[in-house]
Amino acid sequence: MNLSRLRFWHLPTILIAVTAILYLPHVGNALVTLDDRMLITRNPFIQQLTPWSLRMIFTTYDPELYVPLTLFTYQIEHLIFGLAPQIYHFTNLLLHIGSAILVFQVIRRIFRSDLTGFVSALLFAVHPLQSEAVFWAAARKDVLSGFFFLLSLFFYLQYRSGDERRTYRLSVACFLLALLAKVSVIMLPLILLLLDWKEGRNLKETVREKIPYFALSVIFGVIAIIGKTQSIASTDTLTMFLLAEKSTMFYLWKIFWPVTFSVMYPQTTVVSFWAEDFLLASAVSILLVLGWMVALRKNRTIAFGWGFFLLMLLPNDTNFLKNGHLFFASDRYAYLASIGIFSLLGLAIARLPQLHVSKRIRTPVLAILSVLLGMRTYAQGAVWRNSESLYSNVLKWYPDAAIAKNNFGEVLMMNGKAAQALPWFEEAVTEEPGMMQAHVNHGNALRELGQYDRAIAEYRTHIRLSESKKGIGPEDLAGYYFLGELLEQMGHNDESLRLFIRATEREPAFAESFFNLGLQHQKRGRTSEAVAAFERAVAIDPLYARAHYHLAGVYAESGRLADAKRELELSLALDPTNEKAREHLENIQRMPGK
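What you see is a predicted model, and the numbers here were worked out from it, not measured in a lab.

(A) Here's a closer look at the overall build of the chain. Scanning the chain for helices and strands turns up 30 helices and two strands. Taken over C-alpha atoms, the radius of gyration comes to 27 Å for the chain, in line with the 25 Å a tight globule of 594 residues would show. Dimensions of the chain along its principal axes, counting C-alpha atoms only, are 85 × 60 × 45 Å. A buried classification covers 55% of the 594 residues belonging to the chain.

And the structure:
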């Protein structure tokens, strides 16, 4: 096949076919525990499409990111198809195919070469570095924002080519949609200025038309910072800078040597400038910046591709701390940034004949490269088959990662394999004694296996760690609840109740603590105390569906049927799948005078 003889319409057709071949066999993969539960399967906001649920997705974070458009797509899918995993994966695939076609259109215009655009888009479509964003349903925000980012860039190029003003407005509108999907596309205004510079336009004359883009970037930048305040404050500047250097080198390395992909890249060593990996990363980063500065003077085309890569990585340089653990990279963060490198590779392959290399070599080189990359991408589909295979893959490459061992144990526990989960939790707490969640999980596994004394010891270790911690989250109180439940089961009711009360004292701003205390009072028949605890829970978190439901129950026990009806209605608005709440509400409505 001679690439130069292909008709224009053949090229996007090839992109669609190749991408579908690689990804379609895996659309039946399960939804995984990592974020898919939080965003999809256990997210009350996406389980209904009402004015209330729409208002909620546009006024809340999840829990750090502002991604209302992404959640809206989940709402549509859930409304029509429920929780069928293949629908969520298929949508991601459609967005990836659409983005590949847009990469073709955008790069061919920027580099003035259909072949460069096609090769760049083919690499974008089949490279395994992109597979996480496509295979992971929770990564919808990356493929969705990426699609609208590229569509905005496409319309901007249309406008620049002399098209009517309408395409300029469409470009701004698509940028807004991209930001609503995920704010990491915030660098588009600088990309547009870089593009204008590449084309030799006078930047002083073009800045004005970028004002709407910059205005949107500032607005969504502020929104993003508000959501990331705690995460940013928990990581010092030097650590973020060093991890940013390491991640940049990592993504570049993965583009050229695409092996050992993982959903987690835990930073298991101390972050220090003098550590070997960070010294190397700093050296590579300096070379990258110096190379870009040379390219700015010598070759604007290379400078554009290089600058695109570096600029699009910047927004992710605050995302290294997650749930108290440092991760130096995440494949999906390079989803758009990689286009800069792919465009330069596409340009190089397209220009092989100019380097005195026969045209006959170009097609086989591209074919072999595509097959090798495609095989790696296809293999990643098996990794994403379910949660067990996902964490097994992490442990394959990072066998000392305590967080991966803990998470793998959690998956085994969910599948009723407590005995198999136990050694993983034991290894996790041995390797990282300060990991509070691992102690709770270890205690749960021991309790499931009837080893109560050892379970109590693990829960008490969790509580001791919690008591010594200054800033805590709701998950840091789990030890109080599980130990309290176990002690109650063993007949130690007074000590059990004291633990639940202590949890509310540790942090009075957590609704879950008061909810759990309310359950304990309710079980003991202490209705007035239960009412007070549940009322405190819904006052702290008005969106707590289970708290509204149980508050309705104790109201009904107290004869306050009107209040019970109101709370049941609120509970159903928050969680329309709660059939018990619906049944209780119907019973109250059938009562005389109600």
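(B) Spotlight on unusual backbone geometry. Phi is positive for Arg 112, close to 55°, though the residue is something other than glycine. Here Arg 112 shows up in the loop between α5 (85-111) and α6 (114-126).

(C) Up close: the side chain of Thr 248. Checked against the element boundaries, Thr 248 lands in helix α14 (residues 237-256). Overall, Thr 248 belongs to the buried group, its relative accessible area being 11%. Engagement of the side chain of Thr 248 in a polar contact is seen with the backbone oxygen of Ala 244, the distance being 2.9 Å. Those residues in contact with Thr 248 that sit more than four places away from it in its chain are Leu 288, Phe 309, Leu 310 and Leu 313.

(D) The arrangement of the side chain of Asn 578 in detail. Turning to its location among the elements, Asn 578 is positioned in the loop between α29 (561-574) and α30 (579-590). Looking at Asn 578, its side chain comes within polar contact range of the main-chain nitrogen of Ala 581, at 3.0 Å. Leave out the neighbours within four places in its chain, and Asn 578 touches Tyr 549, Ser 571 and Leu 572.

(E) Looking closely at the nonpolar core. Residues Phe 149 and Phe 309 are the most contacted members of the largest nonpolar core, which totals 166 residues. Those residues in contact with Phe 309 that sit more than four places away from it in its chain are Thr 248, Tyr 251, Leu 252, Ile 255, Ala 337, Ser 338, Gly 340 and Ile 341. If you look at the next biggest cluster of nonpolar residues, it comprises 22 residues, including Phe 515, Phe 534, Val 554 and Tyr 555.

(F) Representation of the packing of α5 against helix α17 (residues 338-350) within the structure. Their axes nearest at 11 Å, the elements α5 and α17 cross at an angle of 60°. Taken together, α5 and α17 sit at an angle that is classed as oblique. α17 is crossed by α5, and the crossing has right-handed handedness. Contacts between α5 and α17 involve Val 103, Ile 107 and Phe 111 on the former and, on the latter, Ile 339, Ser 343 and Leu 347. Each residue belonging to the contact of α5 with α17 can be placed in one class, and the counts come to five nonpolar, one polar and no charged.

(G) View of the environment of Ser 272. Mapped onto the fold, Ser 272 is located in the loop between α14 and α15 (276-298). According to the relative accessible area criterion, Ser 272 is partly exposed, its value standing at 26%. For Ser 272 and Leu 243, which are 29 residues apart along the polypeptide, the C-alpha to C-alpha distance reads 9.6 Å. Among all residues touching Ser 272, those that are not within four sequence positions of it are Leu 242 and Phe 278.

(H) Main features of the packing of aromatic side chains. In total, this model carries 29 aromatic pairs according to the counting rule given. Judged by centre distance (6.2 Å) and plane angle (75°), the rings of Phe 149 and Phe 308 are edge-to-face. With Phe 149 in helix α8 (residues 140-160) and Phe 308 in helix α16 (residues 300-313), the pair connects residues that are 159 residues apart, well separated along the chain. In terms of burial, Phe 149 and Phe 308 fall into one category: buried. With centroids separated by 5.1 Å and ring planes inclined at 85°, the aromatic side chains of Phe 408 and Trp 424 adopt a geometry described as edge-to-face. Of this pair, Phe 408 sits in helix α20 (residues 402-414) while Trp 424 sits in helix α21 (residues 418-431), and the two are 16 residues apart along the sequence. We classify Trp 424 as partly exposed; its relative accessible area is 25%. Each member of the aromatic cluster is reached from another via a ring pair, and the members are Tyr 156, Tyr 159, Tyr 168, Phe 175 and Tyr 213. Over the aromatic face of Tyr 168 sits the side chain of Arg 165, whose NZ or CZ is 4.3 Å from the ring centroid. Residue placement shows Lys 246 over the ring face of Phe 328; its charged tip is 4.2 Å from the ring centre.

What counts and what doesn't
Residues numbered from 1 in each chain as written. Predicted model: local features only at pLDDT ≥ 70, side-chain atom pairs only at ≥ 80, totals over all residues. Heavy atoms only, no water. Helix = DSSP H or I, 4+ residues; strand = E, 2+ residues; numbered from the N terminus. Rg over C-alpha atoms; globule rule 2.2 N^0.38 Å. Buried < 20%, exposed > 50% of the residue type's maximum accessible area, 1.4 Å probe, protein only. Polar contact = N/O pair within 3.5 Å; in protein donor to acceptor, adjacent residues only side chain to side chain. Contact = heavy atoms within 4.5 Å. Core = buried A, V, L, I, M, F, W, Y, C linked by side-chain atoms within 4.5 Å. Axes fitted to C-alpha atoms, helices over the stretch in contact; angles between N-to-C directions. Parallel < 35°, antiparallel > 145°, perpendicular 65-115°, else oblique. Left-handed = near helix turned anticlockwise from the far one by under 90°. Nonpolar A, V, L, I, M, F, W, Y, C, P; charged D, E, K, R; others polar. Phe/Tyr/Trp six-rings, centres within 6.5 Å; stacked < 30°, edge-to-face > 60°. Lys NZ or Arg CZ within 6 Å of the ring centre and 35° of its normal.

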